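Here is how the chains run, residue by residue.
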Amino acid sequence: MAQNDTTPQQKRRLVLLSLGLALAFGVLSLFASPSSWPHDDWDISLVLSGCFDPSGQINFVNILLGFLIKGLGLVSTTVNWYFWLRWVFTVLAFAAFTYTAFLFLPAGLALTVDGLFKFLFWHVCMVETNFTRNAGLWAAAALALLALYTWKRAGRWAFRGGLLFWCMGYLWRPKAALLVAPFALVLILYSLLCRMKTLADWKAALSGVVKNRRGIMALVGCVLITAVAQGAQLAFWSQPEWAAFKSFSDDRSFFVDYSTGGWEKNQRALESAGFTENDYWCMEHQSFADPEFFDADRMNRLADLRAEKPAPAEFVSGQAIPFLVKLPFQVKSFLGFCLVGGILFLLGDWRRRVAILCTGAGSLVICLGLLWMGNLPERVMEAVFAAALFTAVLLGIRQHRGIPGWLRRGGIVAGAAVFLLCSAVSVARVANRLAMPRVNTIESGTTGVQSVDIAATDEEHVYVWNIYSAYNRVQQAYGLTALPERDFFSHNTILGGYHEHSPYMKKSRAAMGIQNPMRALVENENVLLADDYEPERILRYVQQHYEPEAALSSAKDLGDFWALKITPPMQSEERKPIEWEMQPLQNAPTSRSGWYTTRGKAKGLPSDGALWLRASRADGKNRCYRLVRGENGEFTAGLYLDWAEPQELTFTLLWQQDGKIMESERLV
């Protein structure tokens, strides 16, 4: 493990250099409109900050993190504490990598490796973030600092910092942090090899590793933190209401995050449980905000449909080999590890080479194990290979004496060039989204995203956002740095996702009067659908479960798309002749089939109140569509016809007057 020793003064310079570089990239990320995809970080920050309800907790993170953020919320409710904790620890994790690289590698190589690391992980951990990546990065930083302390390359500050990193990584995403733990075995193996002059010395070497007091302190500290956090987690989630939510959420995760084989494979079992193909689609696309149908029993049946683990031979030929072939072309962090690991392998001695091979093999074993289980998203692989890069850098290179000064200086120049190139590419990737940061709470109606501002200030309606599409606008409007005012979620909710069946979401929707959003879409006149993905699927769901003759139409212009209304059949109480006209239906300017537009004008109607169009066929079947009122009796409509052709229809107008539903004479 011997490396070139550094003086205390040199170490202080390294600390300042590491913090300076990390802070520069961290500040830049604030101007790059940081956001999360999937919406995990965004939604978790909303839950823990109490935007849905003050009781909010989420089972993806450790309960102690929720208590920490709620405690910080006592200081200020306008600060997004989740974001700032993530930002601070990610900046420090990048600083830890830079410090480790310059401590163990020559300056030129350290610059190269550090630039590559920032190219690979700055964007995905600071700009397009996900809590799995961040937790893995912090756990890897913990591994590095605790290794420095164990090897006596740093003092107690590394011990304290390492335990703090491990604590935050485990609180942020326990599963991601635990994925990093196996890399400690590589460092233990390397320590063992360094103590062995010959193979016969293995007992003495093992005794030296086991009796390392600093190593024991690091291990005990991590174990205690893990035990306390996990104990608190088990205690909280054993409460009946929260336990029911966690069980439902776990079943949802098994279905959504793991391969199930598709509708065709499981059609018979699904139909026997009461599912249609459209129900299955809605569940796959996070549109299942219906606690009456998607209850705990049905969700459990869906979870049971996840694909069975394949036989070893089938897994190797059908999944493992294709995965390994595609891995270098699909996951940049793996390619980065191969590049850095390859350089260090060539420059290392046999002990380091063995450890680097074990690091790479261990990374692939972890990935293949998760692939066999059916769930290996790219963000998990990035967490694994971040830990692998930390481990490789900790191994360093062997001593090279007698290197000419000009070669050292040339290496520094080349390393600086690589660092600057990687940095420039990283900045260029976010150049089109650079803007002044908006932090903390943003007042309703001031985000600059028209649809979100209208929905935030329109308290007459409740908006149900499709999490698969339109909800992206909400997240983009506030970014990851800011929070909406809590009033936003007093009349806005989402159509599905991992909040379903949670106590906090039940309370939030109960305050709106829409315990079942899917049912409310057709039964509550003031509930609108914010969906520009496949709203026809939501209509079909409502038709299959609540109202077979429901109809879908545009209801309110939100600027960048239309909020929609699902309307049930309507009965008029009185017919009243009025003068009105309407243009023939025209194909709507959209790629979707079945959509038509029209406009018209009516005289003698009340100046306010809802307006509907009844479309009727000769056989008596009809549907009612919400119209969009304009000025001076004008109206427009966007109609979805899934039951008739335009030429088959005749029309009447319906409106509210004196507490009654009035209907005009038929317009052919």
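Fair warning: this is a prediction, and the values are worked out from it, not measured in the lab.

Next up on the list: the pattern of salt bridges. Taken as a whole and judged by the stated rule, the model has 20 salt bridges. Across the pair R519 and E292 runs a salt bridge, and its minimum N-O distance is 2.8 Å. In this pair, R519 is assigned in helix α24 (residues 517-523) and E292 in the loop between α14 (277-284) and α15 (296-304), connecting sequence segments 227 residues apart. Of the charged contacts, one joins D297 and R301 as a salt bridge, the two residues approaching to 3.4 Å between their closest N and O atoms. Here D297 pairs with R301, and both are found in helix α15, just four residues apart, close to one helical turn. Here the salt bridges do not stand alone but share partners, grouping E277, E534 and R537 into one network.

Two numbers describe how helix α3 (residues 63-73) lies on helix α11 (residues 213-236): the axes approach to 8 Å, and their chain directions differ by 90°. One finds that α3 runs roughly perpendicular with respect to α11. Here α3 contributes I63, L64 and F67 to the contact with α11, which in turn contributes A229, A232, Q233 and F236. Considered class by class, the residues forming the contact of α3 with α11 number six nonpolar, one polar and no charged.

Counting buried positions along strand β17 (residues 634-640) yields five of seven residues, so the element is predominantly enclosed. Two strands pair when backbone bridges link them, and strand β8 (residues 551-557) and β17 are joined in this way by two bridges, in the antiparallel orientation. Pairing of S553 across the sheet is with L639, part of β17. Summarising the sheet, strand β13 (residues 595-602) and β17 pair through seven bridges and their orientation is antiparallel.

With that out of the way, let us pick up unusual backbone geometry. One non-glycine residue, S33, lies in positive phi territory at about 50°. Along the chain, S33 turns up in the loop between α1 (8-30) and β1 (35-36).

For the protein, the average pLDDT comes to 92, and 98% of its residues sit at 70 or higher. Per-residue pLDDT, averaged within each element of the protein, yields its smallest value for helix α10 (residues 202-210) (83) and its largest for helix α7 (residues 156-172) (98).

Here S249 lies in helix α12 (residues 240-257). Taking the relative accessible area as the measure of exposure, S249 reaches 1% and is therefore buried. In this structure, S249 is in contact with N59, F60 and Y498, ignoring residues within four places of it in sequence.

Next up on the list: the nonpolar core. Counting 150 residues, the largest nonpolar core has I58, L65 and W465 as its most contacted members. Here this core takes 16 residues from helix α4 (residues 81-104), the largest share from any one element. Ignoring sequence-local partners within four residues, the contact set of W465 consists of S451, V452, A455, A470, Y471, V474, N492, T493, I494, L495, A530 and F561. Counting 39 residues, the second largest nonpolar core, distinct from the first, contains M283, F288, F293 and L564.

About the thresholds
- Residues numbered from 1 in each chain as written.
- Predicted model: local features only at pLDDT ≥ 70, side-chain atom pairs only at ≥ 80, totals over all residues.
- Heavy atoms only, no water.
- Salt bridge = Lys/Arg side-chain N within 4 Å of Asp/Glu carboxyl O.
- Helix = DSSP H or I, 4+ residues; strand = E, 2+ residues; numbered from the N terminus.
- Axes fitted to C-alpha atoms, helices over the stretch in contact; angles between N-to-C directions.
- Parallel < 35°, antiparallel > 145°, perpendicular 65-115°, else oblique.
- Contact = heavy atoms within 4.5 Å.
- Nonpolar A, V, L, I, M, F, W, Y, C, P; charged D, E, K, R; others polar.
- Buried < 20%, exposed > 50% of the residue type's maximum accessible area, 1.4 Å probe, protein only.
- Pairing = 2+ DSSP bridges.
- pLDDT = per-residue confidence, 0-100.
- Core = buried A, V, L, I, M, F, W, Y, C linked by side-chain atoms within 4.5 Å.

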